[in-house]
Amino acid sequence: MSDDDRLIEETLAGQTAAFGELVRKYQDRLFNTMVHAIGSPEDALDVVQDAFVQAFIKLESFRGRALFIHGCTGSPSTCRRPIGGAPPGGIGGPGARRRW
């Protein structure tokens, strides 16, 4: 059993501090990926927060599957911002801001 699997099992058993460990383990990588994809640190923070909330809600579905981070990141185009919506054309689309 991987460390992520153990932390998921502990979270599902009611030890929410274990989910905090998963967040600490992956938050920087996910944030940096989203900043690169979206171009705005503020918007990336919204997306990352939403991703972790959704991951917590759907944690049962991670059991026995890929590493936790793969379930959180996927494609930037699948991330949703709860307030304000995505740029025209979606995240990474023609209306998105990019910094290269």
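For the structure itself, look to the data block above.
Enquirer: How would you summarise the packing of helix α2 (residues 16-38) against helix α3 (residues 41-57) if you had to cite specific residues and measurements?
Expert: Taken N-terminus to C-terminus, the directions of α2 and α3 make an angle of 145°; their axes are 9 Å apart at the nearest point. When you trace α2 past α3, the crossing you get is right-handed. Across the interface between the two elements, Thr-16, Phe-19, Val-23, Tyr-26, Gln-27, Leu-30, Phe-31, Met-34, Val-35 and Ile-38 from α2 touch Pro-41, Asp-43, Ala-44, Leu-45, Val-47, Val-48, Ala-51, Phe-52, Ala-55 and Phe-56 from α3. Taken together, the residues that form the contact of α2 with α3 break down as 17 nonpolar, two polar and one charged.

Enquirer: I'd like to hear about the nonpolar core, residue by residue, with values.
Expert: Phe-19, Leu-22, Leu-30, Met-34 and Phe-52 are the most contacted members of the largest nonpolar core, which totals 18 residues. Examining the composition of this core, we find that eight residues originate from one element, α2, more than from any other.

Enquirer: Residue-level account of the pattern of salt bridges, with values.
Expert: One pass over the structure, following the stated rule, counts three salt bridges. Where Asp-4 meets Lys-25, a salt bridge forms, and the shortest distance between an N and an O atom there is 2.7 Å. With Asp-4 in helix α1 (residues 3-12) and Lys-25 in helix α2, this pair connects stretches of sequence that are 21 residues apart. Among the residues examined, Asp-4 registers a relative accessible area of 3% and is labelled buried. Through salt bridges with shared partners, a single ionic network connects Asp-3, Arg-6 and Glu-10.

Calculation criteria
- All chains use their own residue numbering, which begins from 1 and follows the written sequence.
- Where local features are concerned, this predicted model is filtered to residues with pLDDT of at least 70; where side-chain atom pairs are given and counted, the filter is 80 or more; whole-chain, interface and lining totals use all residues.
- Neither water nor hydrogens contribute to the side-chain values; these are computed over all heavy atoms in the structure.
- To obtain an axis, a line is fitted to C-alpha atoms, over the contacting stretch when the element is a helix, and the angle between two such axes runs from 0 to 180 degrees between their N-to-C directions.
- Numbering goes from the N terminus for both helices and strands, where a helix is a DSSP run of H or I of at least four residues and a strand is a run of E of at least two.
- Crossings are assigned a handedness: left-handed for a near helix turned anticlockwise from the far helix by less than a right angle, right-handed for a clockwise turn.
- Here a residue-residue contact requires only that any non-hydrogen atoms of the pair lie within 4.5 Å.
- Throughout, the ten residues Ala, Val, Leu, Ile, Met, Phe, Trp, Tyr, Cys and Pro are labelled nonpolar, Asp, Glu, Lys and Arg are labelled charged, and all others, Gly among them, are labelled polar.
- In these notes, a set of buried Ala, Val, Leu, Ile, Met, Phe, Trp, Tyr and Cys residues joined through side-chain atoms within 4.5 Å is what counts as a nonpolar core.
- Only protein chains enter the calculation, and the probe is 1.4 Å; a residue is then buried if its accessible area is under 20% of its type maximum, exposed if over 50%, and partly exposed in between.
- Counted as salt bridges are all cases of a side-chain nitrogen of Lys or Arg within 4 Å of a carboxyl oxygen of Asp or Glu.

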